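The primary structure of each chain is shown beneath.
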Amino acid sequence: MSATDPVLLSESKEIQDRFSEMIAETLSSVFRSYSDDSAFSGIDPYELRDKVGELGFLPENGRGFEQVLKDTEKVILPHMLRTWSTKYMPHLHSPVLTETICSELIISCFNDSMDSWDQGPAATELEVSMIRGLAGLFGYVPDTSDGCFTSGGSQSNISAIIAARDWYCMERFGWDVKMNGLPPEYGKLRVYTSEISHFSMDKASHILGMGYSAVRKIPVDSKCRIDLKEFERMLKEDVDAGLYPYCAVATFGTTDFGSIDDAKGMRELCDRYGMHLHGDAAYGSGLIMSRRYRDRLSAISLCDSITIDFHKMFLLPISCSAILMKDGERLKCFELHADYLNREEDEEDGYINLVGKSMQTTRRFDALKVFMAFQTRGVEGFSRIIDTAVGNASYFFDRISSDDAFIAPVEPELSSVVFALDMGDDVNKRVRRMLLSEGTVIGQTVKDGRVMLKFTLLNPNLTHDMIDSIIARIKELGVQARC
Ligand SMILES: *Cc1c(COP(=O)(O)O)cnc(C)c1O
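Everything in this summary refers to the structure shown in the same document.

**A few points about the nonpolar core**
Reasoning step 1: Membership of the largest hydrophobic core comes to 62 residues, with the highest contact counts inside it found for F149, F231 and F310.
Reasoning step 2: Sorting the residues of this core by element identifies α5 (121–137), α9 (228–240), β5 (244–251), α10 (263–273), β6 (276–281), β7 (305–309), β8 (321–325) and α12 (367–401) as the ones contributing at least two each.
Reasoning step 3: The biggest single contributor to this core is α12, with nine residues.
Reasoning step 4: Filtering out sequence-adjacent residues up to four positions away, F149 remains in contact with E127, M130, I131, L134, F310, C320, S321, A322, R363, D366, A367 and V370.
Reasoning step 5: Counting 30 residues, the second-largest nonpolar core is a separate cluster that includes I161, Y246, C247 and V249.

Now the structure itself:
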């Protein structure tokens, strides 16, 4: 090991000075890679694979930080995806607020873990405090609700489904799933969600041993929201057939269209059938910060649990998500006591061990990012960011709706717009590839059997002029792609 590469941080001034230099050099490398405003270098995958392959894997003797940074700057950084670019708009994958990059540095320097109080005293207390705050923000009663940070919307969703299943089996069959495993009726449990909801529902059902066939997909209306009449009809049909509806999922912001299901209507049906209602707001939760559009989330507090992703509309670094549970008792599905980690007597004395609220054991202090971003920006700062994103989607939709070259089937409620050049599937696919090779990254999906393009507009620096020029470019490429 070279003397210039300290193994660990410490109270030594010399080590701190050297580490400060390493950080400064790293930032310089990062900034040198900000060569233009494109989102991607446009390199072809085979060429990139060769370059990466030449980097080597594990040398016998270390090459020192300087050299490794140089190689990384040369081979990797130029071909990283640049999330901050206004030419990046395919996925719910966001640029990040500057203060939260600083939070990441703090999180890594300390490396506290969330499983037990003695691995993260301030981290534990801040997470608990942020969860209480979030519960209030989303219309829950902080004293009786609960929640936990997770690795993402997929984990938040499966956590909710596990809680719903355990709760339902106890309510309905007096069966303790945690102790006894699955009840005899298990194959007959059903969860209901829209046909365009996120695939994490299917994955969750598989992992839970119920399989994809336990996920009942409800058709959507012309605005891509759950058709309540169909939902009601399916519930009746299934109960008549001897099945057990245990959970429904209302999506607040479908991944492709940003549509928001009618949770009020779903709540009535869930109450009638004794079901848990989960709100998947992985995408749409950011609207809570918007002064102009937050009404669109007004029914979210009717849900028994809520998935929030901070690494989408909130613009926080990956990963950062939370699950909220209206009745905190339902989160006890993850409670467990280990002699080495979270002894009951410690918890009685006020030492909170968050391992009992999570699927994970070792877990990052992601709550710090939410704290620092909320305090830095306030509702006002976040509202401007969210309103810009949603406003840009409306602007884009209005422009292409009045242009014969395009079709755009669904008016956006959030920040995604699905559209196509009215020129057939092949032209649209080709246009997306051509844009990619010139550094503009947009999305592609399917609607009613047709290939569609997609903009997911999260970047608050995107202006109407930029939207106009990309519309013009897409039309030009469409003409080229047809020839
Ligand atoms: C993104 C998304 C998810 C999955 O969240 P991850 O953080 O990517 O795991 C779930 N549901 C919806 C509606 C989403 O948009």
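**Observations concerning the pattern of salt bridges**
Pairing is possible between side chains that carry opposite charge, provided their charged atoms lie close to one another.
Reasoning step 1: This structure, assessed with the given rule, holds 40 salt bridges.
Reasoning step 2: Linking D146 and K357 is a salt bridge whose minimum nitrogen-to-oxygen distance equals 2.7 Å. With a gap of 211 residues between them, D146 in strand β2 (residues 146–150) and K357 in the loop between α11 (344–348) and α12 connect regions that are remote in the sequence.
Reasoning step 3: By relative accessible area, which is 18% here, D146 ends up buried.
Reasoning step 4: For K357, a relative accessible area of 23% gives the class partly exposed.
Reasoning step 5: A salt bridge links R233 to E230; the nearest nitrogen and oxygen atoms lie 3.0 Å apart. Residue R233 and its partner E230 are both found in helix α9; the two are separated by three residues, about one turn of the helix.
Reasoning step 6: E230 gets classed as partly exposed once you look at its relative accessible area, which sits at 23%.
Reasoning step 7: Sharing partners across several salt bridges, the network here consists of D5, R18, E21, E25 and E66.

**Quick notes on the environment of I308**
Reasoning step 1: On the secondary structure map, I308 appears in strand β7.
Reasoning step 2: A residue is classified by how much of its surface remains accessible, and I308, at 0% relative accessible area, is buried.
Reasoning step 3: Taking the C-alpha atoms as reference, I308 lies 9.5 Å from N157; in sequence the two are 151 residues apart.
Reasoning step 4: Ignoring anything within four residues of it in the chain, the contact list for I308 reads F138, A281, S285, F314, S321, A322 and L324.

**Quick notes on the pairing of strand β3 (residues 189–194)**
Reasoning step 1: Most of β3 sits inside the fold, with six of its six residues counted as buried.
Reasoning step 2: The side-chain alternation of β3 yields two buried faces, one formed by L189, V191 and T193 and the other by R190, Y192 and S194.
Reasoning step 3: Strand direction decides the pairing type here: β3 and β5, joined by four bridges, are parallel. When the sheet's bridge partners are listed, Y192 is paired in β5 with A248.
Reasoning step 4: Pairing of β3 with strand β4 (residues 215–218), which is carried by four bridges, proceeds in the parallel orientation. What sits directly across from Y192, in β4, is R216.
Reasoning step 5: With helix α8 (residues 200–207) bridging β3 and the parallel β4, this β-α-β connection has right-handed handedness.

**Considering the sheet that holds β2**
Reasoning step 1: Read across the sheet, seven strands follow the order β2-β8-β7-β6-β5-β3-β4 without closing on themselves; strand pairing throughout is mixed. Across the chains shown, the open sheet's two edge strands, defined by having one partner strand only, are β2 and β4. For this sheet the average axis-to-axis angle between neighbouring strands, irrespective of direction, equals 20 degrees.
Reasoning step 2: Those strands touched by α9 are β3, β4 and β5, and its axis lies near 145 degrees from that of β4.
Reasoning step 3: In this fold α10 packs onto β5 and β6, with an angle of close to 170 degrees to the strand it touches most, β5.

**What about the environment of K429?**
Reasoning step 1: With respect to the helices, strands and loops of the structure, K429 is situated in helix α13 (residues 425–437).
Reasoning step 2: In contact with K429, not counting residues within four places along its chain, are Q444 and V451.

**A closer look at the site of the ligand**
Reasoning step 1: Around the ligand sit 16 residues in total, of which G153, D280, D309, H311 and K312 are the nearest.
Reasoning step 2: The contact in question runs from a nitrogen atom of the ligand to an N or O atom on the side chain of D280, over 2.7 Å.
Reasoning step 3: The contact in question runs from an oxygen atom of the ligand to an N or O atom on the side chain of K312, over 2.9 Å.
Reasoning step 4: The fraction of the free accessible surface of the ligand (380 Å²) that becomes covered by protein chains is 85%.
Reasoning step 5: When residues of the shell around the ligand are assigned to their parent elements, the largest contribution, three residues, is made by helix α6 (residues 153–173).
Reasoning step 6: Residues belonging to the shell around the ligand are distributed by class as follows: three nonpolar, ten polar and three charged.

What counts, and where the lines are drawn
Residues numbered from 1 in each chain as written. Predicted model: local features only at pLDDT ≥ 70, side-chain atom pairs only at ≥ 80, totals over all residues. Heavy atoms only, no water. Core = buried A, V, L, I, M, F, W, Y, C linked by side-chain atoms within 4.5 Å. Buried < 20%, exposed > 50% of the residue type's maximum accessible area, 1.4 Å probe, protein only. Helix = DSSP H or I, 4+ residues; strand = E, 2+ residues; numbered from the N terminus. Contact = heavy atoms within 4.5 Å. Salt bridge = Lys/Arg side-chain N within 4 Å of Asp/Glu carboxyl O. Pairing = 2+ DSSP bridges. Right-handed = clockwise from strand over helix to strand, strands pointing away. Axes fitted to C-alpha atoms, helices over the stretch in contact; angles between N-to-C directions. Near = heavy atom within 4 Å. Polar contact = N/O pair within 3.5 Å; in protein donor to acceptor, adjacent residues only side chain to side chain. Areas by Shrake-Rupley, 256 points an atom, 1.4 Å probe, with all protein chains shown as cover. Nonpolar A, V, L, I, M, F, W, Y, C, P; charged D, E, K, R; others polar.

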